[in-house]
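One letter stands for each residue in the lines below.
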Amino acid sequence: ALLDSVTNNVALELPAALPDGLYAYADSALGLETALGDAMAAMPSRDFERLLHPIFEEDEFTLIAVGGVLGVLAAWGQMAGAGAWCVRGWHAL
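Values in this document were obtained by computation on a predicted structure and should not be read as measured data.

Parameters and conventions
Residues numbered from 1 in each chain as written. Predicted model: local features only at pLDDT ≥ 70, side-chain atom pairs only at ≥ 80, totals over all residues. Heavy atoms only, no water. Helix = DSSP H or I, 4+ residues; strand = E, 2+ residues; numbered from the N terminus. Buried < 20%, exposed > 50% of the residue type's maximum accessible area, 1.4 Å probe, protein only. Areas by Shrake-Rupley, 256 points an atom, 1.4 Å probe, with all protein chains shown as cover. Expected span 1.5 Å × (residues − 1). Bend = angle between axes of the 7 residues up to and from the residue. Salt bridge = Lys/Arg side-chain N within 4 Å of Asp/Glu carboxyl O.

## Some words on the overall build of the protein
- When you go through the protein residue by residue, the secondary structure sums to five helices and zero strands.
- Listed N to C, the secondary structure of the protein is α-α-α-α-α in terms of helices and strands.
- For the protein, buried positions account for 0% of its 93 residues.
- Summed over its atoms, the accessible surface of the protein is roughly 8300 Å², and 69% of this surface lies on carbon and sulfur atoms.

Printed below as a string of structure tokens:
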């Protein structure tokens, strides 16, 4: 508990104690963005999915529900368009 409290306090107050350009300098000096980008690009798709899945897991139900609703709407639109085309095509005969 004490370690968590100290860690949280340091994390909150450290950015204010450091010079403004330090984060930009550290990012460019360490090349984290490039290194992480290269490592992620080299990952097999299965490992990449395992990396991202926990991020979207919380919203998985919402994503599936919205996808289902959009799928139904798209199907209705296609049926309506096909039905109108068939009716117009039928009357043309």
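There is more to say, and it comes next.
## With respect to helix H4 (residues 45–57)
- End to end, H4 covers 17 Å across 13 residues, agreeing with the expected 18 Å (1.5 Å per residue, within 8%).
- Of all the bends in H4, the greatest, near 30°, is centred on leucine 51, and the proline proline 54 appears no more than four residues after it.

## Structural notes on the pattern of salt bridges
- In the structure shown here, the tally under the stated rule is one salt bridge.
- Here arginine 50 and aspartate 47 are joined by a salt bridge, their closest N and O atoms 3.4 Å apart. Of this pair, arginine 50 and aspartate 47 are both found in helix H4, three residues apart, which corresponds to roughly one turn of the helix.
- For arginine 50, a relative accessible area of 48% translates into the label partly exposed.

## Quick look at helix H1 (residues 2–17)
- In this model, H1 (16 residues) spans 22 Å end to end at C-alpha, consistent with the 22 Å of a helix rising 1.5 Å per residue.
- Along its length, H1 reaches its greatest deviation from straightness, about 25°, at alanine 11, and the proline proline 15 lies no more than four positions downstream.
- Counting buried positions over the 16 residues of H1 gives zero, only a small fraction of the element.

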